[in-house]
Amino acid sequence: MSPGKQSTGPEAAAVAAGVRLKKMHRRVRLSRLALFTAIAAGPVALGVAVVSGPTTVSATPETTPTPMRTTAAAADPSGYAQLFVGAWLRSSAGDAATAQARLAQSLGPDVELPDRATGAQARLESVTVVRSAQHGPGRWWVTVAAQYVNASVRYFTVPVATDRTGGSFTVTGAPGVVAAPGRAEAAPSPYGVTVPNGELHSTVAEFLGAYLAGAGEVERYLAPGVKLPAVSPAPYSAVALRQVLAVEEAAAGKKLPGNGTAVRVVVQVEARDEAGRWPLAYEMELTARSGRWDVTALESGAVKNGGRS
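Residues numbered from 1 in each chain as written. Predicted model: local features only at pLDDT ≥ 70, side-chain atom pairs only at ≥ 80, totals over all residues. Heavy atoms only, no water.

Asks: Can you walk me through the pattern of salt bridges in this structure?
Replies: Once the charged atoms of two side chains with opposite charge are near each other, the side chains can pair. Inspection of every chain in the model, using the stated rule, returns four salt bridges. Across the pair E248 and R264 runs a salt bridge whose closest N-O atoms are separated by 2.9 Å. Taken as a pair, E248 in the loop between β7 (238-246) and β8 (262-273) and R264 in strand β8 lie far apart in primary sequence, 16 residues in all. R264 sits in the partly exposed class, given a relative accessible area of 39%. Across the salt bridge formed by R292 and D294, the nearest N and O atoms sit 2.8 Å from each other. Residue classification places R292 among the partly exposed positions, given a relative accessible area of 28%. (Salt bridge = Lys/Arg side-chain N within 4 Å of Asp/Glu carboxyl O. Helix = DSSP H or I, 4+ residues; strand = E, 2+ residues; numbered from the N terminus. Buried < 20%, exposed > 50% of the residue type's maximum accessible area, 1.4 Å probe, protein only.)

Below is the structure:
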């Protein structure tokens, strides 16, 4: 037989038959092996081996994950109510063709416009949302404060309806004048440790001077990896530190604590510009590192400690 050609005579048939015979013998041996193993394992395993056979392998089909159903969060219609009250207070039933009257009617089609006499009320300056509350599926009450140029303030509650998706709103009734919200009792301040003059005190003063008045580079006071750009352009010409209070006792020590020690402080400062002096407050977090304090966080609007300034 020459190379590259396949035999098609009796010789090739005999070879093919031999190959098939070897495969059959191999399957028989595997069947016997599985059967003997099952007998040794017990009657239950024997039954499984006889039924299943040794050469059949079934692949487990891939299952497609069922997509999770998400429920859209209820949209707060505070801005919608604020826009409506501003237009409603500036409109009048006697002149329903004005832009403010048309806007109010588009936001609350079934709401009657006020019959406002010209010059009878102080001019409206601003409208601000005070609070909002959901009173059921698709039903909200929004309270807004209307401030006038004469410094007087009135509070209005507005009913607003939303659709199922929270993407559409409508004012369903006329605003109602309500009393001003009560004043809440503030929780005691956690800042009860006085920070004396020292390394921490100096770091805070120099940092805020750079941050608010452009006195130096802010980056030199920041911990590695912290990004905090200075206010630009600098709004104040000078910043004076009035008081520093801390949560942790480590902030009051004369010696710098070990690396990684973090403290939280509230800082009272007086900032100055051409218009006057401004009391400002900041909450900060600092961490000790290599014999110095690094600023790791800055927040404004801090509370006072027991009423002390």
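Back to the write-up after that little detour.
Asks: Is there a simple way to explain the pairing of strand β2 (residues 139-148) in this structure?
Replies: Within a regular strand, side chains alternate between the sheet's two faces. Within β2, seven of the ten residues are buried, which leaves it mostly tucked inside the rest of the structure. Alignment of strand β1 (residues 124-136) against β2, held across ten bridges, turns out to be antiparallel. Directly across from V127, in β2, lies its bridge partner A146. Both β2 and strand β3 (residues 153-162) contribute to a ladder of nine bridges, which runs antiparallel. Within β3, the position partnered with A145 by the bridge is Y155. Counting the residues between successive antiparallel strands, the hairpin from β2 to β3 contains four residues, one of them, A151, with a positive phi of roughly 80°. (Pairing = 2+ DSSP bridges.)

Asks: Mind showing me how you'd approach the packing of aromatic side chains here?
Replies: Aromatic ring pairs: the centre-centre distance and the angle between the two ring planes describe each pair. One pass over the full model with this rule turns up four aromatic pairs. Between Y80 and F169, the aromatic rings sit 5.5 Å apart at their centres with planes inclined by 55°, giving tilted as the arrangement. Of the two residues, Y80 is situated in helix α3 (residues 78-90) and F169 in strand β4 (residues 169-171); the sequence distance between them amounts to 89 residues. Overall, the relative accessible area of 18% leaves Y80 in the buried class. A centroid spacing of 6.5 Å and a plane angle of 70° characterise the contact between W88 and F156, whose relative ring orientation is edge-to-face. Here W88 is found in helix α3, whereas its partner F156 is found in strand β3, with 68 residues between them in sequence. (Phe/Tyr/Trp six-rings, centres within 6.5 Å; stacked < 30°, edge-to-face > 60°.)

Asks: Is there a simple way to think about the pairing of β3 in this case?
Replies: Bridge count between β3 and strand β5 (residues 176-178): three bridges; the pairing is antiparallel. Following the sheet pairing, Y155 is matched in β5 by V178. Sheet topology note: the β3/β4 ladder contains three bridges and is antiparallel. Looking across to β4, one finds that T162 is bridged to F169. Between β3 and β4, which follow one another and run antiparallel, lie six residues, and G166 among them has a positive phi close to 75°.

Asks: Sorry, what's going on with unusual backbone geometry here?
Replies: Glycine aside, a negative phi is what most residues show, and trans is what most peptide bonds show. With an omega of -5°, the peptide bond running from S232 to P233 counts as cis. When you line up the elements, P233 lands in the loop between α5 (199-213) and β7. Non-glycine residue A151 carries a positive phi angle of around 80°. Mapping A151 onto the fold places it in the loop between β2 and β3. For A151, a relative accessible area of 57% corresponds to the exposed category.

Asks: Would you mind going over the environment of V158 with me for this structure?
Replies: Tracing the backbone shows V158 in strand β3. Remark: the alpha-carbon pair of V158 and V142, spanning 16 residues in sequence, is separated by 5.2 Å. Beyond its immediate chain neighbours, meaning those up to four positions away, V158 contacts A81, F84, V85, W140, W141, V142, V171 and P175. (Contact = heavy atoms within 4.5 Å.)

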